[in-house]
Amino acid sequence: MKHISLLGSTGSIGRQTIEVALANPDKLKIVAIAAHKNVAEMERQIKVLQPEVAVLTDVTAARELQKCCGSKTKILAGQDGLLAAATWQSADVVVGAMVGYVGLRPILAAIECGKNIALANKETLVAAGKIVMEAVHRKGVTLTPVDSEHSAIFQSLRGGAKTEIKNLMLTASGGPFFGKNRKELANVTVDQCLHHPNWRMGAKVTIDSSTLANKGLEVIEAHWLFDMPYEKIKVLIHRESIVHSLVEFCDGSVIAQLGNPDMRLPIQYALSWPERYANSFGTLDLVKAAKLSFAEPDIETFPALQLAGECGMAGGVLPTVFNAANEVAVEKFLAGKIKYLDIYETTEKVVKQFSAKENYTLEDIEMADKEARDLAR
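Please read these numbers as outputs of a predicted model, since none were measured by experiment.

**Q** Could you give an account of the overall build of the chain, with specific residues and numbers?
**A** The number of helices and strands found in the chain is 17 helices and eleven strands. Relative to the 2.2 N^0.38 estimate, which gives 21 Å for 377 residues, the radius of gyration of the chain is 20 Å and therefore close to what a compact globule would have. Principal-axis analysis of the C-alpha atoms places the extent of the chain at approximately 55 × 45 × 40 Å. A burial count over the chain gives 55% of its 377 residues as buried. In the chain, once contacts between residues fewer than 6 apart in sequence are set aside, the share between residues at least 24 apart is 67%. Entry remark: accessible area of the chain is about 16300 Å², with carbon and sulfur atoms responsible for 52%.

**Q** Explain the environment of Pro 25 to me, and be specific about the residues and the numbers.
**A** Relative to the assigned elements, Pro 25 resides in the loop between α1 (12-23) and β2 (28-35). Accessibility expressed as a relative area gives 55% for Pro 25, which makes it exposed.

**Q** Outline a nonpolar patch on the surface, supporting the account with residue identities and numerical values.
**A** Nonpolar side chains collect at one region of the surface, where Leu 258, Leu 286, Leu 292 and Phe 294 lie side by side and expose about 330 Å² of accessible area between them. Looking at where Leu 292 falls in the secondary structure, it is placed in the loop between α13 (286-289) and α14 (304-314). Classification of Leu 292 as partly exposed rests on a relative accessible area of 32%.

**Q** Lay out empty space enclosed by the protein with the relevant residues and their values.
**A** One pass over the full model with this rule turns up two cavities of 30 Å³ or more. What the largest cavity holds in volume is close to 80 Å³. Every element with two or more residues in the lining of the largest cavity is listed here: α8 (182-185), α10 (203-211) and α16 (340-351). At three residues, the largest contribution of residues to the lining of the largest cavity is made by α16. Within the lining of the largest cavity, the residues separate by chemical class into seven nonpolar, three polar and one charged. One number sums up the size of the second largest cavity: a volume of about 50 Å³. Contributing to the lining of the second largest cavity are Gly 174, Phe 178, Leu 212, Ile 237, Glu 296, Pro 297, Asp 298 and Phe 302. Per-class residue counts for the lining of the second largest cavity are five nonpolar, one polar and two charged.

Basis of the calculations
- Residues numbered from 1 in each chain as written.
- Predicted model: local features only at pLDDT ≥ 70, side-chain atom pairs only at ≥ 80, totals over all residues.
- Heavy atoms only, no water.
- Helix = DSSP H or I, 4+ residues; strand = E, 2+ residues; numbered from the N terminus.
- Rg over C-alpha atoms; globule rule 2.2 N^0.38 Å.
- Buried < 20%, exposed > 50% of the residue type's maximum accessible area, 1.4 Å probe, protein only.
- Contact = heavy atoms within 4.5 Å.
- Areas by Shrake-Rupley, 256 points an atom, 1.4 Å probe, with all protein chains shown as cover.
- Patch = residues over 30% accessible without salt bridge, like charges linked within 9 Å, V, L, I, M, F, W, Y side chains within 5 Å.
- Salt bridge = Lys/Arg side-chain N within 4 Å of Asp/Glu carboxyl O.
- 1 Å grid on protein atoms, 1.4 Å probe; cavity = no way out; pocket = protein on both sides within 12 Å on 5 of 7 lines; lining within 4 Å.
- Points joined across faces, edges and corners; volume = space filled by probe spheres on them.
- Nonpolar A, V, L, I, M, F, W, Y, C, P; charged D, E, K, R; others polar.

Written out as structure tokens, the structure reads:
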């Protein structure tokens, strides 16, 4: 039995993690849950899971939860509560499902306490990959990827030695605007952006998928997860979202992981590894899938992919800056304050005001994150 602390329990990945745990009651038990301020969903999760502790980082929301929650679950609040959930004594696996930079501190705290990590929060590695991976190796914990693309590479890498790898190939659906040019994107709406053709995701990740910023973040994440140079990390557009990623080896062999576009599958593998659990969510029918197509990404129309890669290669705090500026720009777009193409323009303008710093600390990263957000706003 693996005991899980789930950070970001009310979001898309969090809710699907709960589905996975409930489908494997003899193998997985969620003992701690944490989210921001969704009182109604948190109350429902407490009734279903009966966790030892539940946390809302919004203090007012936590007080409301305490009033309406009559269970034995301990209710905590604020950032201190979040850190308590991340380091909860009975948990041996922490699922990082929070969206954005906010996931960094609790994941680092969990690693320092010797917890194994199942990571969906890509921003943790984008902003502080060097620091996080050094902590993982120093503490001797495992970090398994939840993102479908990185899970696919993680599985495909079992087909050969690291020295035999020629390229890692991340696939991208291309989002709702594949085939369009920048002129056609000038006046797209939030609602149009949120209609992803294949995946069911939260608003932030869905917007990032439409701009390919998400794939840029995943390139940086793959660099740290697999200790792979950027020149060996490629991106392919794959509209069907059946081939989740591929590894090309030196002899020309290409090993891929295929599956339905269902995040519950990579979530389950991240939690079951090094085993595999039986799947109760449906399996891939290749006859029905029929056609599998691939294309080069259009970086002229979707330049965020290239900018993210450039920030990753430059290193230092630049990936942090890219992520922070993009987060703020997406927030402003979702709020109707800027247009779609302004997301990239804002991010690029902020990135250009920073330079890479070879030797940097967690404090440098936090300062760069704050400065980039202020500039983006």
